[in-house]
Amino acid sequence: MPAPETPDSPAETPADVALRHGRAAIDLPLGILRATVGSFHPKHLPPLLRATYARELVSWLFLPFMLGAIEGGTIAIVVKKAFTGAVDPWALNLAVTILTAAPNFANLTSFLWSAAARGRPKVPFISGLQVATSILVALVAAMPMNAAGLWGAVILIGLARTTWTGVITLRTAVWRNNYPKANRASIAGRMATVQSIVLAAAGWIVGFAMDANPVSFRVAFPMLAAVGLYGNQIYRKVRLRGQKRLARAELQGRAGPSFTLHPVSMGRALVRSGREMWTTLDEDRHYRQFMWWMSVFGFGNLMLFAPLAIYLNDRFEVSYLKGILINTIIPLAVMPLAIPMWARLLDRGHVIEFRAVHGWTFVAASACMWLGALADSLLLFEIASVILGLGFAGGVLAWNLGHHDFAPAHKDGQYMAVHVTLNGLRGLLAPIAAYLLYEWLAPRGHAAEVFLICTAVNVIGVLGFIRMRKELRRERARRAAEAGEPATVPSAGEAN
């Protein structure tokens, strides 16, 4: 509203009005930015949580840099473009498929990590895995630009994703013991927000460097790995509340014995872990159903990324930075904006209810890719990338916290390992299925149909979540009627 005129205050000129509105236009986003950044401050948490939260949050400002070098969308574009002409096209597309799948099929080792850390201090174990990941990332820089170098890079990146699987699997136990349910989703959301921003920054660094010089990965990868090692130095100071109590619970047999990294012991642990997985699914009907529909839904999602990286390069011949922008940077940049919304939804309800809403984002993204391929429109792929960011924002929360709505506290790692292992199975099969479909359909001019098939599978998965949501609400209403109380959202483990 214009300032009132007084004898000592002349009327505003048009330039004054424009300046005032310009300042308001700047102050509003700055105020939102300050409020958003301020919400990450430890003072917004109960005093008991602040020190641990602060150390962990700061460590995630640095740790993801080394992971950003081998992020599925980033490394797929780098390898596809860098090795084009150096190896056979079918072999290169297969390597790209494996690299996009690596973050997920490495999850097959989740049970091994869960068993290896059983009864042991979690933070030092996680810290060691972070160091191993950084070293493996740095070694990628030594690979030559030929077929041997291609497959050497694939092996190193696969091993790095395997060690990182251990970090993901065990990190949830740290969160569950350090942060109460009421704060857990919001804290996990802040960690995921920081990680997405750092991963996007790392992707931009790699894309910019590779466009400037195609062999700059020999410097960029070790540099990013070194930043990750610095973050590791901070993370190793995080304290796990109730570590001794958790170790006793694990070693008393409620979650099975630990094992050493000896080949025979690992083989026995693999058999034992498979038995534990089967027992968990057999005893928990709700979790078994949830894992089934997650497998269907996740299969459609995981089919998307190998064809996306290959199609962008083969059809549009995008630059390194443009390809990484669509595959990695845009989704990761969108995530921080959407995570608070999804965190509130997950805090208020059961993960089944969450997935029944959240799943439609991936349906929309895959459908947009299909339309982009039909219309030969790079813009539609960019829009799909934005929608993927919305989906990833919710997915990262449900991925890390969703099993808490089913698992007893002392079986948290076991339930997470089931989820991660099943994700590894579909992470192995889905990209291969997409690769075979693409190699069959693309030469016949039907590459778009690959994205249509992904969309159809996603829709089936979401419909499964909706069916489970109806069953959950009926059961909740029945329990409330029996207790003579209003229906409420079930607590963790109530769905058992």
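Everything that follows concerns the structure shown earlier in this document.
Because the structure is predicted, anything quoted here is derived from the model rather than measured.

**Q** Tell me what's going on with the overall build of the protein chain, and back it up with residues and numbers.
**A** Looking only at helices and strands, one finds 19 helices and zero strands in the protein chain. Sorting the 496 residues of the protein chain into buried and exposed places 55% on the buried side. Across the protein chain, contacts joining residues at least 24 apart in sequence account for 82% of those joining residues at least 6 apart. Carbon and sulfur atoms make up 67% of the accessible area of the protein chain, which totals about 21200 Å².

**Q** Please provide a residue-by-residue account of the nonpolar core, values included.
**A** Ranked by size, the top nonpolar core spans 144 residues in total, and within it F221 and F290 carry the most contacts. Other than its neighbours up to four places away in sequence, F221 contacts A69, I70, I75, V137, A138, V140 and A141.

**Q** Explain a nonpolar patch on the surface to me, and be specific about the residues and the numbers.
**A** On the surface, L428, L429, I432 and L436 cluster together into a nonpolar patch covering about 350 Å² of accessible area. Along the polypeptide, L429 turns up in helix α18 (residues 412-441).

**Q** Which residues make up the pattern of salt bridges, and what values go with them?
**A** For the coordinates displayed, the defined rule picks out nine salt bridges. Close ionic contact of E482 with R478 constitutes a salt bridge, the shortest N to O distance being 3.1 Å. A residue pair is termed a helical-turn pair when its members lie 3 or 4 positions apart in one helix, as E482 and R478 do in helix α19 (residues 448-483) at four residues. Looking at E482, the relative accessible area reads 59%, which means it is exposed.

**Q** Describe in detail the packing of helix α2 (residues 47-59) against helix α9 (residues 181-212), supporting the description with residues and values.
**A** Each pair of packed helices can be described by the angle between their axes along with the distance between the axes. At a closest axis distance of 10 Å, the pairing of α2 and α9 adopts a crossing angle of 25 degrees. As summarised for this structure, α2 and α9 are arranged roughly parallel, according to the angle between their axes. The interaxial crossing formed by α2 with α9 has right-handed handedness. Mapping the contact onto sequence places L49, Y53, E56 and L57 in α2 and N183, I187, R190, M191 and V194 in α9. Here the contact of α2 with α9 is built from residues that sort into six nonpolar, one polar and two charged.

**Q** Break down helix α17 (residues 378-401) for me, citing the residues and quoting the values.
**A** The end-to-end C-alpha separation of α17 is 35 Å, in line with the 34 Å expected for 24 residues at 1.5 Å each. The distance from a side-chain oxygen at the start of α17 to the backbone nitrogen of L379 is 3.4 Å, and the residue carrying that oxygen is S377.

**Q** Before we move on, can you summarise the environment of A76 with the specific residues and values?
**A** Position of A76 among the secondary structure elements: in helix α4 (residues 72-82). By relative accessible area, which is 0% here, A76 ends up buried. Remark: the alpha-carbon pair of A76 and N327, spanning 251 residues in sequence, is separated by 8.9 Å. With sequence-adjacent residues up to four places away left out, A76 is seen in contact with V96, T100 and A309.

**Q** Talk me through a positive patch on the surface; I want residue IDs and the actual numbers.
**A** Together, R241, K244, R245 and R248 line one region of the surface with positive charge. Looking at the secondary structure, you find R245 in helix α11 (residues 243-254). Accessibility expressed as a relative area gives 54% for R245, which makes it exposed.

**Q** So what's going on with the packing of helix α5 (residues 89-105) against α18? Residues and values would help.
**A** At their nearest, the axes of α5 and α18 sit 8 Å apart, and the two run at 155 degrees to each other. Between α5 and α18, the interaxial angle falls into the category roughly antiparallel. Crossing handedness for the pair α5 and α18: right-handed. Within the contact between the two elements, α5 uses W90, N93, L94, T97, A101, N104 and F105 and α18 uses N423, G424, G427, L428, P431, I432, Y435 and E439. The residue inventory of the contact of α5 with α18, partitioned by class, reads eight nonpolar, six polar and one charged.

**Q** Quick one: what's the story with the packing of aromatic side chains, residue by residue and with numbers?
**A** Scanning the entire structure with this criterion turns up 20 aromatic pairs. Where F305 meets F392, the ring centres are 6.0 Å apart and the plane angle is 35 degrees; that geometry is what we call tilted. Of this pair, F305 sits in helix α14 (residues 305-316) while F392 is found in helix α17, placing the two residues 87 residues apart along the sequence. Since its relative accessible area comes to 24%, F392 is described here as partly exposed. Put simply, the rings of Y287, F290, F297, F305, F362, F392, F406, Y415 and F465 touch in pairs and so form one group of aromatic residues. Just above the ring of F316 sits the side chain of R315; from NZ or CZ to the centre is 5.8 Å.

**Q** Which residues make up the side chain of H286, and what are the values?
**A** If you trace the backbone, H286 turns up in helix α13 (residues 285-302). Among the polar contacts made by the side chain of H286, one reaches the side chain of E475 at a distance of 3.0 Å.

**Q** Break down helix α16 (residues 351-375) for me, citing the residues and quoting the values.
**A** Between the first and last C-alpha of α16 there are 36 Å, a value that for 25 residues agrees with the 36 Å anticipated at 1.5 Å per step. Considering bend angle alone, the principal kink of α16 is centred on V357 and spans about 30 degrees. D376 sits one or two positions beyond α16 and adopts a positive phi of about 55 degrees.

**Q** Could you give me a rundown of unusual backbone geometry, with the residues and numbers involved?
**A** We note that E317 has phi near 50 degrees; this positive angle belongs to a residue other than glycine. Looking at the secondary structure, you find E317 in the loop between α14 and α15 (320-348). Even without being a glycine, D376 presents a positive backbone phi close to 55 degrees. With respect to the secondary-structure elements, D376 resides in the loop between α16 and α17. Judged by relative accessible area, D376 falls into the partly exposed class, the value being 34%.

Scoring rules and cut-offs
- Residues numbered from 1 in each chain as written.
- Predicted model: local features only at pLDDT ≥ 70, side-chain atom pairs only at ≥ 80, totals over all residues.
- Heavy atoms only, no water.
- Helix = DSSP H or I, 4+ residues; strand = E, 2+ residues; numbered from the N terminus.
- Buried < 20%, exposed > 50% of the residue type's maximum accessible area, 1.4 Å probe, protein only.
- Contact = heavy atoms within 4.5 Å.
- Areas by Shrake-Rupley, 256 points an atom, 1.4 Å probe, with all protein chains shown as cover.
- Core = buried A, V, L, I, M, F, W, Y, C linked by side-chain atoms within 4.5 Å.
- Patch = residues over 30% accessible without salt bridge, like charges linked within 9 Å, V, L, I, M, F, W, Y side chains within 5 Å.
- Salt bridge = Lys/Arg side-chain N within 4 Å of Asp/Glu carboxyl O.
- Axes fitted to C-alpha atoms, helices over the stretch in contact; angles between N-to-C directions.
- Parallel < 35°, antiparallel > 145°, perpendicular 65-115°, else oblique.
- Left-handed = near helix turned anticlockwise from the far one by under 90°.
- Nonpolar A, V, L, I, M, F, W, Y, C, P; charged D, E, K, R; others polar.
- Expected span 1.5 Å × (residues − 1).
- Polar contact = N/O pair within 3.5 Å; in protein donor to acceptor, adjacent residues only side chain to side chain.
- Lys, Arg positive; Asp, Glu negative; His and termini not counted.
- Charge placed at Lys NZ, Arg CZ, Asp CG, Glu CD.
- Phe/Tyr/Trp six-rings, centres within 6.5 Å; stacked < 30°, edge-to-face > 60°.
- Lys NZ or Arg CZ within 6 Å of the ring centre and 35° of its normal.
- Bend = angle between axes of the 7 residues up to and from the residue.

These figures come from the coordinates and say nothing about function on their own.
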